[in-house]
Amino acid sequence: MRVLMGVVVLGVAALLCYGLQASKPRPVDLARTVPVAGRQGETVRGRFLAGRVDKVEFARNLKVPFDREARTLTTDGLWVVVTLELEAMRQPVVLYRRTWNGPSGLTFHESDRAPAGLPTGFMVGQASRGRLVFEIRPEAASGASLHLSRDWISRFDSELRIDLDAIPRDPAGGPDVVDTLDLSLGGDA
Amino acid sequence: MTEFSGLGQRLKGWLLGGVGAAIAVIVGIGLAILGTKPKPPATLDARQSIATGQWLVRPLAAYTAAGAVHGIQLKDGRALVLEAQLVNRTAETSSDYGTLFKPETGLDGKRPRPTVVLLRDGVGGRSPGLHPGLGERVAFIWPMAKGQEPPASLAFVVNSKRYKAMDNLKGLPGWFNEQPAGRFTLAVAPPGRGGVD
């Protein structure tokens with residue numbers, strides 16, 4: 001009987017320890033960026049940064065300036081050009097993590113093939129307008145959101161998560177994709 | 001008398017326990033040694049796609065190059081180039097392919113990390129971020145030792161990493177514990193015959 005009691009106590013202790021381990025938040029859960037949700041067209045204010053997405057465009061090819069001439073960039077997926085305005089709120093901010101997050105959780109970083117259309121540093125009281133270029137899979141075009149943060153694990157910082165729900169649509173309801181988008185002229189950015 | 005026989009029993013028990021423990025320790029150490037013995041990587045068909053943890057890989061061609069290749073000036077004159085089609089199988093853009101291929105021979109002892117160039121549109125971006133589910137043709141370029149003769153064919157080891165939802169240090173997800181997934185052999189074309197100069 002005493003042995004049985006011992007086994008039961010041991011089992012309960014093991015369960016308790018497992019429960020503590022499983023329910024304990026990880027350091028990254030305690031310290032990671034705090035999401036600040038918003039929608040396309042409205043100004044979303046995080047802790048250090050305010051941003052507004054004005055326009056989203058889709059294209060199969062992208063014409064970009066390259067060595068003083070225009071060059072066409074192709075893709076197996078889709079090009080997305082997001083026009084937005086950003087401003088630092090309290091102090092100069094450096095923004096490194098700019099991602100397009102599809103509805104299924106695929107995360108596309110800003111394309112390193114197209115020339116940068118948005119600076120990484122932002123000043124207080126000086127709104128910077130620019131564009132971010134992504135290369136995405138076609139199924140990640142609808143229902144996506146734009147995530148902007150200084151870094152994925154900037155401790156106790158906020159991350160802007162802007163729902164892109166006002167994308168251009170074709171008559172069938174899918175994203176309206178143009179054949180070639182010309183960024184070599186400067187556009188409205 | 002009874003005390004002595006009790007002592008004998010106890011001694012016998014101790015001895016038996018000791019021998020059992022010693023056997024267990026020896027068997028454990030033996031198994032551990034056998035387990036760490038590196039196994040030769042499996043032979044893979046270079047004409048088929050190879051799935052590693054993060055990448056779906058299809059080797060396309062191997063060749064040596066002299067002078068310049070894919071917009072990269074070669075310091076010591078020659079380089080070994082492996083062209084491959086890469087598809088990112090993970091959920092996030094990645095450029096974690098620096099140790100994906102390891103040529104078994106044919107390079108100098110240090111085996112520096114390759115320079116990786118994107119072959120789309122001829123723009124020649126180095127260390128491109130490859131997006132999830134989008135296939136890209138890339139070239140891995142290793143400098144060759146001075147005066148080294150290019151081999152006629154070369155074996156490459158393909159490495160694979162394992163996903164961990166949280167690492168032991170910070171609890172962050174990531175890809176760790178690189179292991180060889182297999183090896184394939186490709187014919188190496190001399191300069192000027194591999195499609196580029």
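Residues numbered from 1 in each chain as written. Chains lettered and ligands numbered in written order. Predicted model: local features only at pLDDT ≥ 70, side-chain atom pairs only at ≥ 80, totals over all residues. Heavy atoms only, no water.

Per an unreviewed UniProt entry, chain A goes by the name DUF4352 domain-containing protein and belongs to Chelatococcus reniformis.

## Here's the deal with helix α1 (residues 2-23) of chain A
We apply this condition: Secondary structure elements follow DSSP: runs of H or I of four or more residues count as helices, runs of E of two or more count as strands, with numbering from the N terminus. Take the number of residues in a helix, subtract one, and multiply by 1.5 Å to get its expected span. Between buried and exposed lies partly exposed: a residue is buried under 20% and exposed over 50% of the maximum accessible area for its type, with that area taken using a 1.4 Å probe on protein chains only.
The end-to-end C-alpha distance of α1 of chain A, which contains 22 residues, comes to 32 Å, matching closely the 32 Å that a straight helix rising 1.5 Å per residue would cover. Summarising burial for α1 of chain A: zero of the 22 residues are buried, a small minority.

## Some points on the domain arrangement of chain B
The following threshold applies: For every domain, the bounds stem from an assignment made automatically or drawn from a database.
Along its sequence, chain B is carved into domain 1 (1-37) and domain 2 (50-189). Using C-alpha coordinates to define each centre, domain 1 of chain B is positioned 52 Å away from domain 2 of chain B.

## Some thoughts on the sheet that holds strand β11 (residues 145-149) of chain A
Strand pairing in a sheet relies on backbone hydrogen bonds. The paired strands run either parallel or antiparallel. Residue and element names in this part refer to chain A. What counts here: Pairing between strands is defined by DSSP: at least two bridges between them are needed. Angular values range over 0 to 180 degrees, each being the angle between N-to-C directions of two axes fitted as lines to C-alpha atoms, with helices fitted over their stretch in contact.
With mixed pairing, five strands are arranged side by side in an open sheet as β1-β12-β11-β7-β8. This sheet does not close on itself; its edge strands, each paired only once, are β1 (34-39) and β8 (107-109). Ignoring which end each strand starts from, the neighbouring axes of this sheet average 25 degrees apart.

## Digging into unusual backbone geometry
Among all residues save glycine, negative phi is the norm, and among peptide bonds the norm is trans. All names here are of chain B. A positive phi angle, close to 45 degrees, is found at S127, a residue other than glycine. Checked against the element boundaries, S127 lands in the loop between β5 (115-118) and β6 (136-143). We classify S127 as partly exposed; its relative accessible area is 45%. For N177, which is not glycine, the phi dihedral falls at a positive 50 degrees. For N177, the location among the structural elements is in strand β8 (residues 174-189). Classification of N177 by relative accessible area gives partly exposed; the value is 44%.

## Considering the confidence of the model for chain A
Note the threshold: A score from 0 to 100, pLDDT tells how confident the predictor is in each residue.
Chain-level statistics for chain A give a pLDDT mean of 90 and a share of 96% at 70 or above. Looking at the elements of chain A, mean pLDDT is at its lowest for helix α2 (residues 27-31) of chain A, recorded as 77, and at its highest for β8 of chain A, recorded as 96.

## Points about a nonpolar patch on the surface
Using the following cut-off: Patches were defined on residues exceeding 30% relative accessible area and lacking a salt bridge, with like-charge contacts within 9 Å and nonpolar side-chain contacts (Val, Leu, Ile, Met, Phe, Trp, Tyr) within 5 Å. To be clear on the numbers: accessible area is Shrake-Rupley with a 1.4 Å probe, and residue cover counts the displayed protein chains and nothing else. Salt bridge criterion: a side-chain nitrogen from Lys or Arg within 4 Å of a carboxyl oxygen from Asp or Glu.
Taken together, the side chains of M1, L4, M5, V8, V9 and V12 of chain A define a hydrophobic patch exposed on the protein surface, amounting to about 650 Å² of accessible area. Examined against the element boundaries, V8 of chain A turns out to sit in helix α1.

## Notes on the packing of aromatic side chains
To be explicit about the condition: Two aromatic rings from Phe, Tyr or Trp, using only the six-membered ring of Trp, form a pair when their centres are within 6.5 Å; if the ring planes differ by under 30 degrees the pair is stacked, by over 60 it is edge-to-face, and anything between is tilted. Only Lys NZ and Arg CZ are tested; either one counts as a charge over a ring when it is within 6 Å of the ring centre and within 35 degrees of the ring normal.
All chains considered together, the criterion is met by ten aromatic pairs over all chains. Between F101 of chain B and F184 of chain B, the ring centres sit 6.1 Å apart and the planes meet at 90 degrees, which makes this aromatic pair edge-to-face. With F101 of chain B in strand β4 (residues 101-103) and F184 of chain B in strand β8, this residue pair connects regions lying 83 residues apart in the sequence. Exposure remark for F101 of chain B: the relative accessible area of 3% places this residue in the buried category. Residue class for F184 of chain B comes out buried when judged on its relative accessible area of 1%. Clustering of aromatic rings is evident, with ring pairs tying together W55, Y97, F101, F140, W142, F156 and F184 of chain B. Taking NZ or CZ as reference, R90 of chain A lies 5.7 Å from the ring centre of F48 of chain A, over its face.

## Section: the environment of S145 of chain A
Residues and elements named next belong to chain A. Heads up, the rule is: In this description, contact between two residues means that some pair of their heavy atoms is separated by no more than 4.5 Å. Throughout this description, a polar contact denotes any pair of N or O atoms lying within 3.5 Å of each other; where both atoms belong to protein, one of them has to be capable of donating a hydrogen while the other can accept it, and for residues adjacent in sequence the pair is counted only when both atoms sit in side chains.
For S145, the location among the structural elements is in strand β11. Counting along the chain gives 16 residues from S145 to R161, while the straight-line C-alpha distance between them is 6.3 Å. When sequence neighbours within four positions are dropped, the list of residues in contact with S145 reads T99, W100, N101, I162, D163 and L164. Within the structure, S145 has its side chain in polar contact with the side chain of H147 (distance 3.0 Å).

## Concerning the side chain of E136 of chain B
Tracing the chain through its elements places E136 of chain B in strand β6. Among the polar contacts made by the side chain of E136 of chain B, one reaches the side chain of R120 of chain B at a distance of 2.8 Å. The contacts of E136 of chain B, once residues within four sequence positions are left out, are R113 and E135 of chain A together with A84, Q85, L86, L118, R120 and L130 of chain B.

## Section: the pairing of β11 of chain A
Residues and elements named next belong to chain A. In terms of residue burial, β11 counts as a mostly covered element, since five of its five residues are buried. In β11, alternate side chains face the same way, and those of S145, H147 and S149 on one face and L146 and L148 on the other are all buried. Note that strand β7 (residues 97-101) and β11 share five bridges and pair antiparallel. Considered in β11, the bridge of T99 is made with H147.

## Topic: the interface of chain A and chain B
The condition is simple: Here the quantity called buried area is the total loss of accessible area, with a 1.4 Å probe, experienced by two parts when brought into contact, counted for both.
Of the residues lining the interface, 25 residues belong to chain A; the matching set on chain B comes to 24 residues. Of all residues in chain A, the largest losses of buried area upon contact with chain B belong to R26, D76 and R113 of chain A, amounting jointly to 24% of the total for that side. Our enumeration of links across chain A and chain B arrives at three salt bridges. A salt bridge links E92 of chain B to R97 of chain A, with the shortest nitrogen-to-oxygen separation between them at 3.1 Å. Run the count over chain A and chain B and you get twelve residue pairs in polar contact (both at pLDDT 80 or more). Put simply, the parts of the chain that give the side of chain A that touches chain B at least two residues each are α2, β4 (69-73), β8 and β10 (128-136) of chain A.

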